[in-house]
Amino acid sequence: MRPDSTTVVSVDAETGAAVLIGIPRDLQYAPFPEDSPLSALYPDGYGRDGCEVDVCQFNSISTEVEIYHPELYPDAAERGSSPGIEATREAAEGVTGLTIQYYALIDMWGFQDLIDALGGVTISVPEAVPIHTDDTFTEVLEWIGPGVVHMNGYTALWYARSRHDTTDYDRMLRQRQLQEAIMQQFTPANVLSKFESIADAGAQVVRTDVPQSMLGFFVDLAGKTREQEIVSVELTPLGDVDPEDPDFAYIRQLVADATAPAAPAEP
């Protein structure tokens, strides 16, 4: 399994201010923290001197560890995780300089069911995006937008994944747009009103190590987040980052600047 999209979400635990950090799937040479078992295998970053799968990029880390090195994370299953997830988490920490407390893995097809369960999501589509006839992403079946479109799960998934005449960085922007729309449009009230259908969809959508005891806190925090503008940091050429030759000191400074707590207001 190779993750299609990876986002690190940093949320201020007091104010709810949120920053979304998009890590490109083709990012090269991801470093690992010193205490990661992969730092010994890849001291100069993942794939700089080759790797054990066919493509040496960020979203290959999960595949490689699941197939060739699951023994490096013997306690992952007990913690509600997997070796591939733990390796990806550590790579994301190495890239961003942040400590990542929790993960959530969202299944693409379950995501489609979840959007349907929530009643769809409304997106302002700046340029038409194609739906394809199959997974070859070549032959166009129909178009999404342009304009304001209320999307069901099928359409939302294609909006996030479509590759025809576009780049991975364009796809990341659309995925971020969907994430922000979901945050803004799905309130506790409308989630509760559709609880049973959401719960059914969630059983196949989400795998996470967020403890149940934290859910109430996160619901309250999400209410604060919804009232603020969400900041996005894209580790792509759009954010002056070259994924093929990344400057990780620069990336960590970008992240540190974006996630620094706001200065208190003057009295």
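Our subject is the structure listed above.
Residues numbered from 1 in each chain as written. Predicted model: local features only at pLDDT ≥ 70, side-chain atom pairs only at ≥ 80, totals over all residues. Heavy atoms only, no water.

Caption draft 1: Representation of the pattern of salt bridges in the model. One pass over the structure, following the stated rule, counts seven salt bridges. Between Arg25 and Asp4 there is a salt bridge, with its nearest N and O atoms 3.1 Å apart. Note that Arg25 is positioned in the loop between β2 (18-23) and α1 (38-41) and Asp4 in the segment before β1 (6-11), a separation of 21 residues in sequence. For the pair formed by Arg25 and Asp4, the shared burial category is buried. (Salt bridge = Lys/Arg side-chain N within 4 Å of Asp/Glu carboxyl O. Helix = DSSP H or I, 4+ residues; strand = E, 2+ residues; numbered from the N terminus. Buried < 20%, exposed > 50% of the residue type's maximum accessible area, 1.4 Å probe, protein only.)

Caption draft 2: Highlighting the packing of helix α5 (residues 153-161) against helix α6 (residues 168-185). Following both chains from N to C, one finds α5 and α6 inclined at 140 degrees, their axes separated by 7 Å at the closest point. Contact with α5, carried on its side by Ala156, Tyr159, Ala160 and Arg161, involves Arg171, Arg174, Gln175, Gln177 and Leu178 of α6 and no other residues of that element. For the contact of α5 with α6, a count of residues per class yields four nonpolar, two polar and three charged. (Axes fitted to C-alpha atoms, helices over the stretch in contact; angles between N-to-C directions. Contact = heavy atoms within 4.5 Å. Nonpolar A, V, L, I, M, F, W, Y, C, P; charged D, E, K, R; others polar.)

Caption draft 3: Inspection of the state of the cysteines at higher detail. Scanning all chains against the criterion turns up one disulfide. Each sulfur in the disulfide pair Cys51 and Cys56 lies 2.1 Å from the other. Classification of the bridge connecting Cys51 and Cys56 rests on its S-S torsion, roughly -90 degrees, and on that basis the disulfide is left-handed. (Disulfide = S-S within 2.5 Å.)

Caption draft 4: Region of the structure containing the packing of aromatic side chains. Under the defined criterion, the tally for this structure stands at three aromatic pairs. Between the aromatic rings of Tyr102 and Phe218, the centroid separation amounts to 5.9 Å while the plane-to-plane angle is 90 degrees, which identifies the pairing as edge-to-face. With Tyr102 in the loop between α3 (83-96) and β3 (104-106) and Phe218 in helix α9 (residues 215-226), the pair connects residues that are 116 residues apart, well separated along the chain. Chaining the aromatic ring pairs together yields one cluster made of Tyr102, Phe217 and Phe218. Between the NZ or CZ atom of Arg48 and the centre of the ring of Tyr29, over which it lies, the distance is 4.0 Å. The lysine or arginine in question, Arg174, covers the ring of Tyr159, its NZ or CZ lying 5.8 Å from the ring centre. (Phe/Tyr/Trp six-rings, centres within 6.5 Å; stacked < 30°, edge-to-face > 60°. Lys NZ or Arg CZ within 6 Å of the ring centre and 35° of its normal.)

Caption draft 5: The arrangement of the packing of α3 against helix α10 (residues 248-259) in detail. At a closest axis distance of 7 Å, the pairing of α3 and α10 adopts a crossing angle of 90 degrees. Overall, the two elements α3 and α10 adopt an arrangement that is roughly perpendicular. Residues Gly94, Val95 and Thr96 of α3 form the contact with α10, whose own contacting residues are Phe248, Ile251, Arg252 and Val255. Considered class by class, the residues forming the contact of α3 with α10 number four nonpolar, two polar and one charged. (Parallel < 35°, antiparallel > 145°, perpendicular 65-115°, else oblique.)

Caption draft 6: Focus on the nonpolar core. Membership of the largest hydrophobic core comes to 29 residues, with the highest contact counts inside it found for Phe58, Ile61, Val95 and Leu235. Where this core is concerned, the elements lending two or more residues are β2, α2 (61-68), α3 and α10. No other element matches α3, which puts four residues into this core. Among residues more than four places away in sequence, those in contact with Ile61 are Ala30, Phe32, Leu38, Tyr46, Ala87, Thr88 and Ala91. (Core = buried A, V, L, I, M, F, W, Y, C linked by side-chain atoms within 4.5 Å.)

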